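Each chain, letter by letter, is given below.
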Amino acid sequence: MVLATLAAPTIASAAIPRGVAVWWGCMERDVDGPATLACPRGYDPRYAETVLANFERFTPENELKMIHLQPRQGVFDFSLADRIAGFAQFYGRQVRGHALVWGSDLPRWLTEPRLFEWDRSAALDVMRAHVRTVMRRFATRFPGVVGTWDVVNEPLDERGRLAKTFWATRIGPDYIERALRYADAADSSARLVINEVDVERPGPKADALLELVRRLKERDVPLDAVGFQMHLGSPRGAPPVEDLVALMRRFGELGVDVEITELDIPTPVLATTLGGNAAADQANAYRRVAQACADAGNCTGFSVWGVADPYSWRGESERALMFDAAFQPKGQVNDVYELLGAVPPGPPASTATRPRRATARRASRRRSGARRASRRGRRAGRGSRRAGR
Ligand code: XIL
């Protein structure tokens, strides 16, 4: 049990929060959720230690997807998601809510052919109920913990057209606007994000995302940021710093921030055997992305998609993450922290006994009080969301 060995550390405030995708099953021994959510390698005490020592934000890698949260229509299962939020709350960290409306990882009751096909109004009802139930649950149970939501995930196809997802085909192109409005109605203090893959380079897809944001802002739709997933093909996939900065600022001109949401950079074994220095190339690629995020002025988050290589969805042999197979930090880690202006939380102090629940609750109340105050301040300064910046 992870909580048995770790005490809640004090978090240094970070200029740009560093986040990481986590699997609850890797942090907690007794996973009783669906088998698909078991940690790919099994419980590993180093996993939670590395997470807590290095990251301020956790993105549940799968546990908040619709297939897991609403396995039957109207029946929600928050068991694993709650544990991640509770873990984050105890340690004074944030959770990125990922992802409310997406074409993948949908429950079978929604996608399997039925007697009656979903029409627009029925699909809108399902979308609204899902967004509302999920967001309100975390806003009330874990106040201030899930401050940011990927409301719409991957709305575009590889050519920049609207992806033909369940939502787009049943509802129509305005499902994106609807989802964002439902999200704002459910929790007006949450930061709302459209999260997209393969948009970090200028091209038709980045252009299409810019155009989508422009149209949404024109219609005064609540939207705070776009997410650049950045699952790169190789270190060469990390754009030059100035190009990435320029692209981020184009979104800034439209009134939205940018977050790096799912960064991973494979370093295929072949690159090393051919005499290249894959580790150095990877380190430089991570540095470039962090540098761009630091320079852009509107980059508000830097999240990597996994903790250590053996737990990467890309496969261990791709060595795509910031910590190696032995959970040792790679060459880029300190530089990335420095570039983001962040002081790593540092290793949590070990204690022989589990923190008493009452103590944990008091600490958590203190932290959420502080967060409420800072959120009030942020919201006061954020009339900017709809007015644009
Ligand atoms: C991936 C997870 O990492 C895998 O464990 C799962 O099997 C499939 O989904 N874009 C996203 C993420 O927005 O949710 C995806 O996560 C990776 C691509």
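This structure is a prediction, so every number in the text was calculated from the model and none was measured. (Residues numbered from 1 in each chain as written. Predicted model: local features only at pLDDT ≥ 70, side-chain atom pairs only at ≥ 80, totals over all residues. Heavy atoms only, no water.)

(A) A look at empty space enclosed by the protein. What the rule picks out here adds up to 2 cavities of 30 Å³ or more. Every residue lining the largest cavity is listed: Gly33, Pro34, Leu37, Glu63, His68, Leu69, Asp77, Ser79, Leu80 and Ala81. For the lining of the largest cavity, the secondary structure elements donating two or more residues are helix 3 (66-69) and helix 4 (79-90). For the lining of the largest cavity, the leading source of residues is helix 4, giving 3 residues. One number sums up the size of the second largest cavity: a volume of about 30 Å³. In terms of lining, the second largest cavity is formed by Lys65, Met66, Ala99, Leu100, Trp102, Ser104, Asp105 and Leu106. Its residues assigned to classes, the lining of the second largest cavity shows 5 nonpolar, 1 polar and 2 charged. (1 Å grid on protein atoms, 1.4 Å probe; cavity = no way out; pocket = protein on both sides within 12 Å on 5 of 7 lines; lining within 4 Å. Points joined across faces, edges and corners; volume = space filled by probe spheres on them. Helix = DSSP H or I, 4+ residues; strand = E, 2+ residues; numbered from the N terminus. Nonpolar A, V, L, I, M, F, W, Y, C, P; charged D, E, K, R; others polar.)

(B) Main features of the site of the ligand. Close to the ligand lie 13 residues, the nearest being Glu61, Lys65, His98, Glu262 and Trp305. With respect to the ligand, the side chain of Glu262 contributes an N or O atom lying 2.9 Å from an oxygen atom. Relative to its free-state accessible area of 420 Å², the ligand is covered by the protein chains to the extent of 80%. Here the residues of the shell around the ligand are counted per class, giving 4 nonpolar, 5 polar and 4 charged. (Near = heavy atom within 4 Å. Polar contact = N/O pair within 3.5 Å; in protein donor to acceptor, adjacent residues only side chain to side chain. Areas by Shrake-Rupley, 256 points an atom, 1.4 Å probe, with all protein chains shown as cover.)

(C) The confidence of the model for the protein, seen in detail. For the protein, the mean per-residue pLDDT works out to 87, and 82% of the residues sit at or above 70. In the model, residues 1-14 has pLDDT below 50 throughout and makes 45 contacts with residues more than four positions away in sequence or in other chains. Per-residue pLDDT stays below 50 along residues 350-389; that stretch engages in 59 contacts with residues further than four places along the chain or on separate chains. (pLDDT = per-residue confidence, 0-100. Contact = heavy atoms within 4.5 Å.)

(D) Main features of unusual backbone geometry. Here the bond from His98 into Ala99 is cis, since omega is -5°, no more than 30 degrees from zero. Along the chain, Ala99 turns up in strand 3 (residues 94-101). At Asp105, a residue that is not glycine, the phi angle is positive and equals roughly 55°. On the secondary structure map, Asp105 appears in the loop between strand 3 and helix 5 (108-111). On the accessibility criterion, Asp105 (31% relative accessible area) is partly exposed. Unlike most non-glycine residues, Met230 shows phi in positive territory, near 65°. (Buried < 20%, exposed > 50% of the residue type's maximum accessible area, 1.4 Å probe, protein only.)

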